[in-house]
Amino acid sequence: MDRSATMRAIRSKNTAPERLVRSTLHRLGYRFRLHAADLPGKPDIILRPRRAVIFVHGCFWHGHGCARGGRAPKTNRDYWERKIARNRERDAEILSKISALGYRCLTLWECGLKDEAALAAQLKAFLTE
Ligand SMILES: [Zn+2]
């Protein structure tokens, strides 16, 4: 993929990882809403009665510490590194703002969404806390 294609894939809503998380939640019987515009960072998934939000993060865009997250584009490397560092700072701010509003947050990384059974277990554990 060239860089612009990578960016489009990463920035778009309704990505494959998001869809997998939603379908798993549906299967578990949870009801939820998407992209809550009234909360900081517009969480991808919100379960308001449970005061819980879920972010599904792309590893590159949000600077995950995995192999995929560390793969900076060859061109304009400084630019991307600064941009991703800012994204990480913003993510941390968003989490603290949402916590301050009384919501619990779960961040899921695309690299951790290969095993649906493990994802289901993780979601259940988070939502029954
Ligand atoms: Zn990752």
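Preceding this section is the structure that the text describes.
Residues numbered from 1 in each chain as written. Predicted model: local features only at pLDDT ≥ 70, side-chain atom pairs only at ≥ 80, totals over all residues. Heavy atoms only, no water.

Undergrad: Would you mind going over the pattern of salt bridges with me for this structure?
TA: In the structure shown here, the tally under the stated rule is four salt bridges. Across the salt bridge formed by E116 and R27, the nearest N and O atoms sit 3.2 Å from each other. In this pair, E116 is assigned in helix α4 (residues 116-127) and R27 in helix α2 (residues 16-28), connecting sequence segments 89 residues apart. With relative accessibility at 32%, the residue E116 sits in the partly exposed group. The residue E110 makes a salt bridge to R68 at a minimum N-O spacing of 3.4 Å. Taken together, the residues E110 in the loop between β4 (104-109) and α4 and R68 in the loop between β3 (52-57) and α3 (77-100) connect sequence positions 42 residues apart. Classification of R68 as partly exposed rests on a relative accessible area of 39%. (Salt bridge = Lys/Arg side-chain N within 4 Å of Asp/Glu carboxyl O. Helix = DSSP H or I, 4+ residues; strand = E, 2+ residues; numbered from the N terminus. Buried < 20%, exposed > 50% of the residue type's maximum accessible area, 1.4 Å probe, protein only.)

Undergrad: Just checking my understanding: could you explain the environment of R31 for this structure?
TA: Tracing the chain through its elements places R31 in the loop between α2 and β1 (33-34). Owing to a relative accessible area of 76%, R31 belongs among the exposed residues under this scheme.

Undergrad: What should I look at first to understand the coordination of the zinc ion in this one?
TA: Protein coordination at the zinc ion: the donors are C59 (SG), H64 (ND1), C66 (SG) and C111 (SG), at 2.0 to 2.4 Å from the metal. Around the zinc ion sit four donor atoms, and with donor-metal-donor angles ranging over 99 to 119 degrees the site reads as tetrahedral. We note that the donor set of the zinc ion lies within a single chain, spaced as C-x4-H-x1-C-x44-C. Separated by 45 residues along the polypeptide, C66 in the loop between β3 and α3 and C111 in the loop between β4 and α4 bring together distant segments of the chain. We classify C66 as buried; its relative accessible area is 19%. (Donors = N, O, S within 2.8 Å, 3.2 Å for Na, K, Ca; no water. Tetrahedral: all angles 85-135°; square planar, octahedral: opposite > 155°, others 65-115°.)

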